[in-house]
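Observations on the model geometry
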Amino acid sequence: MIVLFTDFGLEGPYTGQMKAVLRRSAPAAEIIDLFADAPRGDPKASAYLLAAYAAWFPAGTVFLAVVDPGVGGPRAPIMIEADGRRYVGPDNGLFELVLRRAKGARVLEIAARPAALSASFHGRDLFAPAAASLALGQEPASRAIAPERHRDWPDDLAEIVYIDHYGNALTGLRAGAFAAESILVLASGARVGRAKTFSAVPPGAAFWYENSNGLVEIAVNQGRADVALALRIGSSVAIGA
Amino acid sequence: MIVLFTDFGLEGPYTGQMKAVLRRSAPAAEIIDLFADAPRGDPKASAYLLAAYAAWFPAGTVFLAVVDPGVGGPRAPIMIEADGRRYVGPDNGLFELVLRRAKGARVLEIAARPAALSASFHGRDLFAPAAASLALGQEPASRAIAPERHRDWPDDLAEIVYIDHYGNALTGLRAGAFAAESILVLASGARVGRAKTFSAVPPGAAFWYENSNGLVEIAVNQGRADVALALRIGSSVAIGA
Amino acid sequence: MIVLFTDFGLEGPYTGQMKAVLRRSAPAAEIIDLFADAPRGDPKASAYLLAAYAAWFPAGTVFLAVVDPGVGGPRAPIMIEADGRRYVGPDNGLFELVLRRAKGARVLEIAARPAALSASFHGRDLFAPAAASLALGQEPASRAIAPERHRDWPDDLAEIVYIDHYGNALTGLRAGAFAAESILVLASGARVGRAKTFSAVPPGAAFWYENSNGLVEIAVNQGRADVALALRIGSSVAIGA
């Protein structure tokens, strides 16, 4: 299974062309669109999202992960094996949390370069062929690399990293670390208590909960938390008492 | 064939994770994205849309239908066989019109509960495994249930139930019931006549027509009816003389 | 491989129903979503986009291309063989640039009409069955036709034809025709120089580059060109010295 995690959008030509490459090279692989709207051009916020959602997939999954504002510049193309999962993408911090949380990891620079390599679309020309090879059980030509690390990034990010289709705001905080009575304090000063699920609070009420992938998520029952609480990617949050 | 009808969006993680479950459990099934933008959190409007579009698919199709604002609350998970089609989803009125229009129907509560059941994502954890079983010709463990019925809902809904990518406004009215010269009267007082198709009226003109699934649909040739006529989901319409 | 190029959107029922037809008729064919957001109701702008992106795909590919504001009117349904690729869609100019740039082309009118042909959704009822037949190596019943030609349209269109997910603005100009030092002059009078890729200019700077399919594309590093430069589909550009 090849799982796509990008900021490409599903419409427009990018995801489609990348899938065309995968289909031609690895026709038997299943392709799953996980995120096509990862935080745009933001490897840091994306790194927390990727680590939280990748953990749900079984060993053997190949992640083709491309949030790559430096495409065409000097950043290396890499592939990673971490806890039995494989990752392909740019060496720009996108895999920082995957690496940090892994029991064991191996990082290699992709050495192969296609005959036709565009300056702006390595997802199609470089990363997709590498992901297809991995899905076929082959390893692309590679060399050792010490990946870029961001040890100053926190283990959990107290910021909004994603706004979903319903207006719910996902943070980079893992909920397991927090006591049931924890209050989430927003940058506006608003204080949001915890609930188990939507129907546990009245319509229009804001709450936070542990979402289905373990992250702290802010929601409004039958409403949009992003609008009601003025949240967007990068908004700070804090855990209060 | 498994047909998805949800308010999850295609981007973001929800549809992708649900498909990952289907792919693992029923790899040979075809998966079709029908609606990922059904009326958000609105089982009533969604029920008219689902009944109109499901009728186009052949017997044997499995519909995985999730518009589920009460997820995590007491509403039951159900599966339905109606006129040879199968449906899986929440017992919250979403299947009211499917049941009402069926020549024969059987409703069961899904009894199986997965080991890991999140509070907020039954589409992935509960409904998708059940739909995969049905697609494989197996029946998940179940028990008899008298589903929630909404007999006060009309047979045809004189409201906008969906705004499409072009700004066309679909109602919950089946066009077959109306005479060719019927006038549609909007809440604003605007009166809209019938045409066969877009090119039958001048650019910029509003009209209604029987859409390709039998519903009364309001459109503007080379324009957006939602903007031109201030229509949104829930806007009332009436049939005049 | 069947490649979809439409203005239908991926959400909503249109792409899904069209795929359901393809899946039933040609289950072994791969289906690729290339554009579901081609310029809405605009066969001219779409024609430049289609010609640029179709050229990337190998011979044998079937393009199901539907940008069809005249659906239900007199325009003919056609199929084209051009340089080994096949195209199915409306005869409204959408294939003008494909035809003009082809070394050799053959155009036929699709003669078959399905028993159930809706007035507004020929993508599902007429074009998809024809595309499925072509993917199976069969040729639908057809007759000779002299397609609509638009010889007054330029070989390269000095207008924005698409705004992508990042806010980048694609023109209908092929970059190969322009010297490296060419300046792009916008309708606003703004002058935009060329760069190889995003990371070659400072954050916030506008530039143009040859995109991964050979078109002149206007971008802002770490920003949105459409917003920063007030560009939309149809905005004029010119090449300066």
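Remember, predicted model here, so these are calculated numbers, not experimental data.

Rules and cut-offs
- Residues numbered from 1 in each chain as written.
- Chains lettered and ligands numbered in written order.
- Predicted model: local features only at pLDDT ≥ 70, side-chain atom pairs only at ≥ 80, totals over all residues.
- Heavy atoms only, no water.
- Helix = DSSP H or I, 4+ residues; strand = E, 2+ residues; numbered from the N terminus.
- Rg over C-alpha atoms; globule rule 2.2 N^0.38 Å.
- Buried < 20%, exposed > 50% of the residue type's maximum accessible area, 1.4 Å probe, protein only.
- Contact = heavy atoms within 4.5 Å.
- Areas by Shrake-Rupley, 256 points an atom, 1.4 Å probe, with all protein chains shown as cover.
- Axes fitted to C-alpha atoms, helices over the stretch in contact; angles between N-to-C directions.
- Left-handed = near helix turned anticlockwise from the far one by under 90°.
- Nonpolar A, V, L, I, M, F, W, Y, C, P; charged D, E, K, R; others polar.
- Pairing = 2+ DSSP bridges.
- Buried area = accessible area lost by both parts, 1.4 Å probe.
- Salt bridge = Lys/Arg side-chain N within 4 Å of Asp/Glu carboxyl O.
- Polar contact = N/O pair within 3.5 Å; in protein donor to acceptor, adjacent residues only side chain to side chain.
- Least-squares fit on C-alpha atoms with pLDDT ≥ 70 in both.
- Right-handed = clockwise from strand over helix to strand, strands pointing away.
- Phe/Tyr/Trp six-rings, centres within 6.5 Å; stacked < 30°, edge-to-face > 60°.

1. A closer look at the overall build of chain A
Helices and strands together make up the secondary structure of chain A, namely five helices and 14 strands. Taking 2.2 N^0.38 as the reference for a compact globule, 241 residues should give roughly 18 Å; the C-alpha atoms of chain A span a radius of gyration of 19 Å, in line with that estimate. Reported as C-alpha extents along the three principal axes, the dimensions of chain A are approximately 55 × 35 × 30 Å. Considering chain A as a whole, with its 241 residues, one finds that 60% of them fall into the buried category. Restricting to contacts in chain A with at least 6 residues of sequence separation, those with at least 24 account for 65%. With an accessible surface of roughly 8700 Å², chain A has 52% of that area assigned to carbon and sulfur atoms.

2. A word on the packing of helix α1 (residues 14–25) of chain C against helix α4 (residues 122–135) of chain C
Residues and elements named next belong to chain C. Contact pair α1 / α4: the axes reach a minimum separation of 9 Å and the direction vectors enclose 35°. Once α1 is placed against α4, the crossing between them reads as right-handed. In this structure, α1 uses Q17, M18, V21, L22 and S25 to contact α4, whose residues at the interface are G123, R124, A128, P129, A131 and A132. Of the residues that constitute the contact of α1 with α4, the class distribution is seven nonpolar, three polar and one charged.

3. Focus on the pairing of strand β8 (residues 157–163) of chain C
Residues and elements named next belong to chain C. The buried fraction of β8 amounts to five of the seven residues, a majority that puts the element mostly inside the structure. Pairing geometry for β8 and strand β9 (residues 169–174), over four bridges, is antiparallel. Each bridged residue has a counterpart across the sheet, and for L157 the counterpart in β9 is G172. Counting the residues that bridge the hairpin from β8 to β9 gives five residues, and of these G167 lies at a positive phi of roughly 90°.

4. Overview of the interface of chain B and chain C
Taken together, the contacts link 29 residues of chain B with 28 residues of chain C. Between chain B and chain C, the buried area comes to about 2300 Å², and carbon and sulfur atoms account for 56% of it. Three residues stand out in chain B for area buried against chain C, namely W56(B), H165(B) and Y166(B), and they jointly supply 27% of the buried area on that side. A salt bridge links E30(B) to R23(C); its shortest N-O distance comes to 3.0 Å. The interface formed by chain B and chain C includes 13 residue pairs in polar contact (both at pLDDT 80 or more). Partitioning the side of chain B that touches chain C into residue classes produces 15 nonpolar, seven polar and seven charged.

5. Details of the relation of the copies chain A and chain B
For these two chains of identical sequence, chain A goes onto chain B by a turn of 120° and a shift of 0.0 Å along the axis, with RMSD 0.0 Å. Those values place the two copies in the arrangement expected of a three-fold rotation axis. It is L10(A) whose C-alpha, among those of chain A, lies nearest the rotation axis, at 4.6 Å. Comparing interface residues between copies, only 10% of those in chain A also lie at the interface in chain B; the contact surfaces differ.

6. Quick look at the interface of chain A and chain B
Taken together, the contacts link 29 residues of chain A with 28 residues of chain B. Here chain A and chain B share an interface that buries about 2300 Å² over both sides, 56% of which is from carbon and sulfur atoms. When the area that chain A buries against chain B is broken down by residue, the three leading residues are W56(A), H165(A) and Y166(A), summing to 27%. The tally of links between chain A and chain B comes to one salt bridge. Where chain A touches chain B, the interface holds 13 residue pairs in polar contact (both at pLDDT 80 or more). Per element, the largest residue contribution to the side of chain A that touches chain B is four residues, and it comes from strand β2 (residues 31–35) of chain A. Of the residues assigned to the side of chain A that touches chain B, the class counts are 15 nonpolar, seven polar and seven charged.

7. With respect to the pairing of strand β1 (residues 2–6) of chain B
All names here are of chain B. With five of its five residues buried, β1 lies for the most part within the structure. Where β1 lies against strand β2 (residues 31–35), four bridges are found, and the strand directions are parallel. Note on β2: the bridge partner recorded for L4 is D33. What joins β1 to β2 is helix α1 (residues 14–25), and the crossover it makes is right-handed.

8. Remarks on the packing of aromatic side chains
Remark: the centre distance and the inter-plane angle together describe each pair of aromatic rings, the angle taken between the planes. Per the stated rule, a full pass over the model turns up 42 aromatic pairs over all chains. On the basis of an interplanar angle of 65° and a centroid distance of 6.2 Å, the ring pair of F8(B) and Y14(B) is categorised as edge-to-face. Here the two residues F8(B) and Y14(B) agree in accessibility, since each one is buried. Taken together through their ring pairs, the aromatic side chains of W56(A), F57(A), F63(A), Y87(A) and F95(A) make up a single cluster.

9. Remarks on the pattern of salt bridges
Residues and elements named next belong to chain A. Taken as a whole and assessed by the stated rule, the structure comprises 45 salt bridges over all chains. A salt bridge links E210 to R194; the shortest N-O distance between them is 3.7 Å. Of this pair, E210 sits in strand β12 (residues 206–210) while R194 sits in the loop between β11 (191–192) and β12, and the two are 16 residues apart along the sequence. Take R194: its relative accessible area is 30%, and that puts it in the partly exposed class. Across the salt bridge formed by D226 and R224, the nearest N and O atoms sit 3.0 Å from each other. Residue classification places R224 among the partly exposed positions, given a relative accessible area of 31%. Beyond isolated ion pairs, a larger network of salt bridges with shared partners links E81, R86, R106 and E139.

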